[in-house]
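Spelled out, the chains give:
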Amino acid sequence: DLVNNLILIARQVSSDSFFPVLEPGFAIGSANEGWSPYEENIIYQVLVPLAPPSGHTFLLELCNPGEMPERNFRVRVELECTCVTEQLVGDMLCFLHHAEEELRRNQGPSLLHTLCTGSYLDVQKTACRFHQLVKACWVVLPYSHQWRLTMLPCSRSCKFKVARAEEEINIEIVFGVQQGDSDIFVSSQASEAIFTPSTTWTLSCAWAEAKFFELTARQAPDDSFHLRCLQLCACLLVGTDFSSYTLKTVVMHLLTTIPLSGWCRTHFLLRMGDIMRYLCRCLEEKLLDHF
């Protein structure tokens, strides 16, 4: 709710510019799904979809066509004709069919001239601009009277902390561009590579996975222990070369092969054994299919 209220204000503040349109956010990640391996410094993640502003369009391009897996993309920004809209509404000039001098005198710069590197939407420039928006919008929110806002350093997302008395909440806003009408996004989160260029957006199934866990929770018995199994395994493997996402992938596979009635408290040790055996088999085969 806090993030979506921020988005509403930010949309109003940036309405006279050609900043990407901020859509309502989705809660994603282990903290929101209920299995975070960390007891302290939990970060609540929210995925905020970006839509092209008026007069612009987004095109997703693979960074390395033919390379598997296909997970790194660039968001190409192109200008589109708005002459018909201009005649009907008269609220903006067409970037393609008006002289540069007239555009510069009567209208703000296009997205290509503010948050892009070349023709591609730049993750770091977008995050930096949104970082500024959050600070500007916070003061008009009712939360600001009770909570203190502290912005945290991050180059590819917007991280901040809100605190009052002994209570602290860490929030990370991740940006995404939707793939068609699917639940799949290319997101601002960095890939596992050592260096991720600022124009690279990484394929993310986080929203689809969050919806899967919501569906599982509705269908599972009241005493289902599947999230506790995942949480404990993730805790055990903190500090190893296994990522928590690897464990999450294993458990999601097992949730579709083992009946949900088999994830109750009395089957806890059996399911823990299943998770470790599945992981062991993946190691032996050197293969873990994406869920």
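A quick note: this is a predicted structure, and the numbers were derived from the prediction, not measured. (Residues numbered from 1 in each chain as written. Predicted model: local features only at pLDDT ≥ 70, side-chain atom pairs only at ≥ 80, totals over all residues. Heavy atoms only, no water.)

Points about the overall build of the protein
Part 1: Helix and strand counts for the protein stand at nine helices and twelve strands.
Part 2: In the protein, which comprises 291 residues, the proportion classed as buried is 44%.
Part 3: Relative to all contacts within the protein whose residues are 6 or more apart in sequence, the contacts with residues 24 or more apart total 57%.
Part 4: Accessible area for the protein stands at about 16,000 Å²; split by element, carbon and sulfur atoms hold 52% of it.
Part 5: Averaged over its 23 positive side-chain charges, the protein has a centre that lies 4 Å from the centre of its 33 negative ones. (Helix = DSSP H or I, 4+ residues; strand = E, 2+ residues; numbered from the N terminus. Buried < 20%, exposed > 50% of the residue type's maximum accessible area, 1.4 Å probe, protein only. Contact = heavy atoms within 4.5 Å. Areas by Shrake-Rupley, 256 points an atom, 1.4 Å probe, with all protein chains shown as cover. Lys, Arg positive; Asp, Glu negative; His and termini not counted. Charge placed at Lys NZ, Arg CZ, Asp CG, Glu CD.)

Here we look at the packing of aromatic side chains
Part 1: For the structure on display, the rule yields eight aromatic pairs.
Part 2: With 5.7 Å between their ring centres and 65° between their planes, F212 and F213 make a pair best called edge-to-face.
Part 3: Taking the relative accessible area as the measure of exposure, F213 reaches 5% and is therefore buried.
Part 4: A ring pair is formed by F212 and F291, whose centres lie 4.9 Å apart and whose planes are at 55°; its orientation type is tilted. One end of the pair, F212, is in helix α6 (residues 206-219); the other, F291, is in the segment after α9 (268-285), and 79 residues separate them in sequence. (Phe/Tyr/Trp six-rings, centres within 6.5 Å; stacked < 30°, edge-to-face > 60°.)

Comments concerning the pairing of strand β8 (residues 148-152)
Part 1: The sheet contact formed by β8 and strand β9 (residues 158-164) spans five bridges and is antiparallel. Note that in β9 the partner of T150 across the bridge is K161. (Pairing = 2+ DSSP bridges.)

A look at the domain arrangement of the protein
Part 1: The domains assigned to the protein are domain 1 (1-205) and domain 2 (220-285).
Part 2: Carbon and sulfur atoms supply 66% of the area buried between domain 1 and domain 2, which totals about 700 Å² over both sides.
Part 3: When the area that domain 1 buries against domain 2 is broken down by residue, the three leading residues are E33, W35 and P37, summing to 73%.
Part 4: Counting the contacts that link domain 1 with domain 2 gives one salt bridge.
Part 5: Run the count over domain 1 and domain 2 and you get two residue pairs in polar contact (both at pLDDT 80 or more).
Part 6: Considered class by class, the residues forming the side of domain 1 that touches domain 2 number three nonpolar, two polar and one charged. (Domains from an automatic or database assignment. Buried area = accessible area lost by both parts, 1.4 Å probe. Salt bridge = Lys/Arg side-chain N within 4 Å of Asp/Glu carboxyl O. Polar contact = N/O pair within 3.5 Å; in protein donor to acceptor, adjacent residues only side chain to side chain. Nonpolar A, V, L, I, M, F, W, Y, C, P; charged D, E, K, R; others polar.)

Comments concerning helix α8 (residues 244-255)
Part 1: Between its terminal C-alpha atoms α8 stretches 16 Å, which fits the 16 Å expected from twelve residues at 1.5 Å a residue.
Part 2: Buried residues dominate α8, accounting for nine of its twelve residues.
Part 3: L247, K248, T249, V250, V251, M252, H253, L254 and L255 are the residues of α8 that are buried.
Part 4: Close packing links the buried residues of α8 with α2 (29-33), α6, α7 (226-236) and α9. (Expected span 1.5 Å × (residues − 1).)

Describing the state of the cysteines
Part 1: Inspection of the entire model under this criterion finds zero disulfides.
Part 2: In this structure C94 is a free cysteine whose sulfur lies 3.8 Å from that of C83, the closest cysteine sulfur available. (Disulfide = S-S within 2.5 Å.)

Observations concerning unusual backbone geometry
Part 1: For A165, which is not a glycine, the phi torsion comes out positive at approximately 50°.
Part 2: Positionally, A165 belongs in the loop between β9 and β10 (167-178).
Part 3: Positive phi is not limited to glycine here, since K286 has a value of about 55°.
Part 4: By the secondary structure assignment, K286 is in the segment after α9.

Brief notes about the side chain of T82
Part 1: In this structure, T82 sits in the loop between β5 (72-79) and α3 (83-88).
Part 2: The contacts of T82, once residues within four sequence positions are left out, are S54, G55, M92, L93 and C94.

With respect to a nonpolar patch on the surface
Part 1: A surface patch of nonpolar side chains, amounting to about 240 Å² of accessible area, comprises L232, L236 and M276.
Part 2: Tracing the chain through its elements places L232 in helix α7.
Part 3: Judged by relative accessible area, which is 34%, L232 ranks as partly exposed. (Patch = residues over 30% accessible without salt bridge, like charges linked within 9 Å, V, L, I, M, F, W, Y side chains within 5 Å.)

Quick look at the pattern of salt bridges
Part 1: With the rule as written, the count across this model stands at nine salt bridges.
Part 2: K248 is the salt-bridge partner of E33, the closest N and O atoms lying 3.2 Å from each other. Taken as a pair, E33 in helix α2 and K248 in helix α8 lie far apart in primary sequence, 215 residues in all.
Part 3: For K248, a relative accessible area of 5% gives the class buried.
Part 4: With its nearest N and O atoms 3.8 Å apart, the salt bridge here joins E168 to K161.
Part 5: Salt bridges linked by common partners bring E33, E209 and K248 together as one network.

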